[in-house]
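This is what each chain is made of:
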Amino acid sequence: MSEPDGSEQFVKTHDFVQPRSYAIGGLIAAAIALAGCGQPAPQAAAPPPAPVTVAQPVKRTVTDWDEFTGRFEAMEEVQVRPRVGGFVNSVEFQDGAIVRQGDLLYVIDPRPFEAVAAQADGQLSDARARVELAKRELDRGLSLVQTSAVSEQVVDQRRQALQAAHAAEVQAEGALKAAKLNIEFTHVTAPLTGRVSRHLVSPGNLVQGSDTGTSTLLTSIVTLDPIYVYFDMDEATFIKYSKLWFEGRRPSSRDTANPVQVALAGETKPSREGSINFLDNRLDVSTGTLRSRAVIKNTDLSILPGQFGRVRLIGSAPYEALLIPDVAVATDQSRKIVFVVKPDDTVEARPVVLGPLDDGLRVIREGLKADDRVIVNGIQRARVGAKVAPQTAPAGGKPGDKS
């Protein structure tokens, strides 16, 4: 085998040979690759600050309202019972209707009472006739005693007979009046204006009448306008109100008709207004609460006794407060916080003490200043210590969602 010339030399590697020029080129390429790995990689561009909406707290005069659960009850309620017994002839009202005072409700068979009245009328006529006879006999006795035809004793007896006849006449008149009253009582009428319940006795049934409360229950009537709402005030709230009264910052509900607002079931804000008109004279020892009552107008008769409602009672004197939208408040474990944008546009979590809602805004008792920029929209995009791009919203404006 001929030897290679000097222009091309071969290098032996394991079981094969390759030209030296190819090996040198590979080493140079590897060196270039290694040199490239030592250079720093280009950095990614930093994300822009998250856009958020901020607003300054609203400053205005507010009044605190305390909320209680109440139940409506009728101002007047009556159970309709007959004052005389007998068979029911007819029912003269529609179940559940509004009845007026004096409207006819039931008719009881009046014939037995009419017969008693006729008998009493005859007895009265007989008593009056006896009075006339006694008068004539006394007059004759008075004229005869002057001529000594009769004795003074006879005159006295005739005078006593006349008095007895007058007494019998009065008794007969009373019996006739009672009989006529019983006839009147056979027509059972509504004692007050209100909504009547269903009829509990149908025609043809026998009812018992009495003035002692043992008579048959026929139906019931409740008044609707105005209507009471009863609620129980806890002891701590009562003590707070007493302290405000002693300090002259809130009138007492015992001598002032403090206003209340009532929201019915399913309502998000109060729809009725009224005033306090009763506080009980002692706390219930079993519950530690004070029974209270307010009067509410019910002109549309839509509230029925037995319904529940949320009663709001004025709980403080007017004061200056800072308010923010309620959606701007977040929860951090057991504390409430709001996110505030500092002058360098970084986010700070600020613990706050909340007050009640007032016209859709949350009162902030502690933790905020009037010139703070509070994040009201975009809370989920805010990170404590990170920069944001704040956009100012109108003061007290309603922000969108929290996204």
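Basis of the calculations
- What you see as residue numbers is a count from 1 along each chain, following the sequence as written.
- Owing to the predicted nature of the model, reporting of local features is limited to residues with pLDDT of at least 70; listing and counting of side-chain atom pairs is limited to 80 or more, with chain, interface and lining totals taken over all residues.
- Side-chain metrics rest on all non-hydrogen atoms present in the structure, leaving aside hydrogens and water.
- Put simply, buried Ala, Val, Leu, Ile, Met, Phe, Trp, Tyr and Cys residues joined by side-chain atoms within 4.5 Å make one nonpolar core.
- Buried residues are those whose accessible area, probed at 1.4 Å on protein chains only, stays under 20% of the maximum for their type, while exposed residues exceed 50% and partly exposed ones sit between those limits.
- For helices the rule is a DSSP run of H or I covering at least 4 residues; for strands it is a run of E covering at least 2, with both sets numbered from the N terminus onward.
- For this analysis, residues touch if any pair of their heavy atoms sits within 4.5 Å.
- For this analysis, a salt bridge means a side-chain nitrogen from Lys or Arg found within 4 Å of a carboxyl oxygen belonging to Asp or Glu.
- Note on aromatic contacts: the rings of Phe and Tyr and the six-membered ring of Trp form a pair at centre separations within 6.5 Å, being stacked when their planes are under 30 degrees apart, edge-to-face when over 60 apart, and tilted otherwise.
- Comment: the charge-over-ring label is applied if NZ (Lys) or CZ (Arg) is within 6 Å of the ring centre and within 35 degrees of the ring normal.

## Focus: the nonpolar core
Thinking step 1. Counting residues in each nonpolar core, the largest one holds 20 residues, and the members touching the most others are F72, M233, V260, I296 and L313.
Thinking step 2. Listing elements by their share of this core, those giving two or more residues are β5 (65-74), β14 (227-234), β15 (259-264), β16 (272-279), β17 (289-296) and β18 (308-314).
Thinking step 3. Broken down by element, this core gets its largest block of residues, 4 residues, from β14.
Thinking step 4. If we skip the residues at most four places from it in the chain, L313 touches D64, W65, D66, F68, M233, Y241, R250, N258, P259, V260 and I276.
Thinking step 5. Within the second largest apolar cluster, 18 residues are counted, among which are V99, L105, Y106 and A190.

## Structural notes on the pattern of salt bridges
Thinking step 1. For the coordinates displayed, the defined rule picks out 17 salt bridges.
Thinking step 2. Ionic pairing is found between E67 and R310, a salt bridge with its closest N-O pair at 3.3 Å. Note that E67 is positioned in strand β5 and R310 in strand β18, a separation of 243 residues in sequence.
Thinking step 3. With a closest N to O distance of 3.6 Å, E173 and R128 form a salt bridge. Taken as a pair, E173 in helix α3 (residues 152-185) and R128 in helix α2 (residues 111-145) lie far apart in primary sequence, 45 residues in all.
Thinking step 4. By relative accessible area, R128 is classed as partly exposed at 41%.
Thinking step 5. Beyond isolated ion pairs, a larger network of salt bridges with shared partners links R128, E169 and E173.

## Here's the deal with the packing of aromatic side chains
Two aromatic rings, taken as a pair, are described by how far apart their centres are and by the angle between their planes.
Thinking step 1. Under the counting rule described, the total for this entry stands at 4 aromatic pairs.
Thinking step 2. Ring centres of F93 and Y106 lie 5.7 Å apart, and the angle between their planes is 65°; on these two criteria the pair is classed as edge-to-face. You can see F93 sitting in the loop between β7 (86-91) and β8 (98-99) and its partner Y106 sitting in strand β9 (residues 104-108), a full 13 residues away along the chain.
Thinking step 3. Measuring from ring centre to ring centre gives 4.9 Å for W245 and F246, while their planes differ by 55°; the resulting arrangement is tilted.
Thinking step 4. Under the relative-accessibility criterion, W245 is labelled partly exposed at 42%.
Thinking step 5. By relative accessible area, which is 67% here, F246 ends up exposed.
Thinking step 6. When the ring centre of Y241 is taken as origin, the NZ or CZ atom of R250, which lies over that ring, is 3.8 Å away.
Thinking step 7. Just above the ring of Y228 sits the side chain of R293; from NZ or CZ to the centre is 4.0 Å.

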